[in-house]
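In case you want the letters, here they are:
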Amino acid sequence: MKVAITTRNRPDAFNACYRSVLKFVPDIDIIVVDDASDCNYSNADYVFKDRVGIPRSKNKCIEIFMQSDSEHLFMLDDDVIIKDG
């Protein structure tokens, strides 16, 4: 299983989301796509140079996922927090 997170200019929200996902999957199973943020996300798998919007960012997540050997993809926005229970 892979978890994909799309983000743009919300580092605090992204970091909270990323930390919550790490409780359930290893770092290697998280895909991060940045939609041309002004700040740098060091763990981004792909960074758009110009803003492309949510649909294209999600499609990039799917494209990256399709190159993996995983069978399932769970897609998140950067403001989602996964809680225990």
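Below is a short write-up of the structure. (Residues numbered from 1 in each chain as written. Predicted model: local features only at pLDDT ≥ 70, side-chain atom pairs only at ≥ 80, totals over all residues. Heavy atoms only, no water.)

**Observations concerning the layout of surface pockets**
Of the voids in this model, the largest pocket is the one considered here, and its volume is about 210 Å³. Lining the largest pocket we find Thr6, Thr7, Arg8, Arg10, Asp35, Arg51, Gly53, Ile54, Ser57, Asp77 and Asp78. Going through the elements one at a time, strand S1 (2-7) and helix H2 (54-66) are the ones with two or more residues in the lining of the largest pocket. Classifying every residue of the lining of the largest pocket gives one nonpolar, four polar and six charged. (1 Å grid on protein atoms, 1.4 Å probe; cavity = no way out; pocket = protein on both sides within 12 Å on 5 of 7 lines; lining within 4 Å. Points joined across faces, edges and corners; volume = space filled by probe spheres on them. Helix = DSSP H or I, 4+ residues; strand = E, 2+ residues; numbered from the N terminus. Nonpolar A, V, L, I, M, F, W, Y, C, P; charged D, E, K, R; others polar.)

**Regarding the sheet that holds strand S4 (residues 73-77)**
Read from one edge to the other, the open sheet built from four strands follows the order S3-S2-S1-S4, with strand pairing classed as parallel. Both edges of this open sheet fall to strand S3 (46-47) and S4, since each of them pairs with a single strand only. Both strand S2 (residues 30-34) and S3 contribute to a ladder of two bridges, which runs parallel. Looking across to S3, one finds that aspartate 34 is bridged to valine 47. Sheet strands in contact with helix H1 (residues 11-22) are S1, S2 and S4, and its direction is about 175° off that of S1. (Pairing = 2+ DSSP bridges. Contact = heavy atoms within 4.5 Å. Axes fitted to C-alpha atoms, helices over the stretch in contact; angles between N-to-C directions.)

**Here's the deal with the packing of aromatic side chains**
Geometrically, a pair of aromatic rings is defined through the distance of the ring centres and the angle of the planes. Going through the model one piece at a time under the given rule, you end up with three aromatic pairs. Their ring planes at 80° and their centres at 5.0 Å tell us that phenylalanine 14 and tyrosine 41 sit as a pair that is edge-to-face. Here phenylalanine 14 is found in helix H1, whereas its partner tyrosine 41 is found in the loop between S2 and S3, with 27 residues between them in sequence. Here phenylalanine 14 falls in the buried class, since its relative accessible area comes to 1%. With centroids separated by 4.9 Å and ring planes inclined at 75°, the aromatic side chains of tyrosine 46 and phenylalanine 48 adopt a geometry described as edge-to-face. Taking relative accessible area as the criterion, phenylalanine 48 reaches 7% and is therefore assigned buried. Connected via pairs of aromatic rings, a cluster forms that spans Phe14, Tyr18 and Tyr41. The positively charged end of lysine 60 is found above the aromatic ring belonging to tyrosine 46, 4.2 Å away from the centroid. (Phe/Tyr/Trp six-rings, centres within 6.5 Å; stacked < 30°, edge-to-face > 60°. Buried < 20%, exposed > 50% of the residue type's maximum accessible area, 1.4 Å probe, protein only. Lys NZ or Arg CZ within 6 Å of the ring centre and 35° of its normal.)

**Description of the pattern of salt bridges**
Tallied over the entire structure, the rule returns five salt bridges. The partner of lysine 58 in a salt bridge is aspartate 77, with the nearest N and O atoms 2.8 Å apart. Taken together, the positions of lysine 58 in helix H2 and aspartate 77 in strand S4 put the pair 19 residues apart, joining distant regions of the chain. We classify lysine 58 as buried; its relative accessible area is 17%. Aspartate 77 gets classed as partly exposed once you look at its relative accessible area, which sits at 34%. Shared partners join several salt bridges into a network, and the residues in it are Arg10, Asp78 and Asp79. (Salt bridge = Lys/Arg side-chain N within 4 Å of Asp/Glu carboxyl O.)

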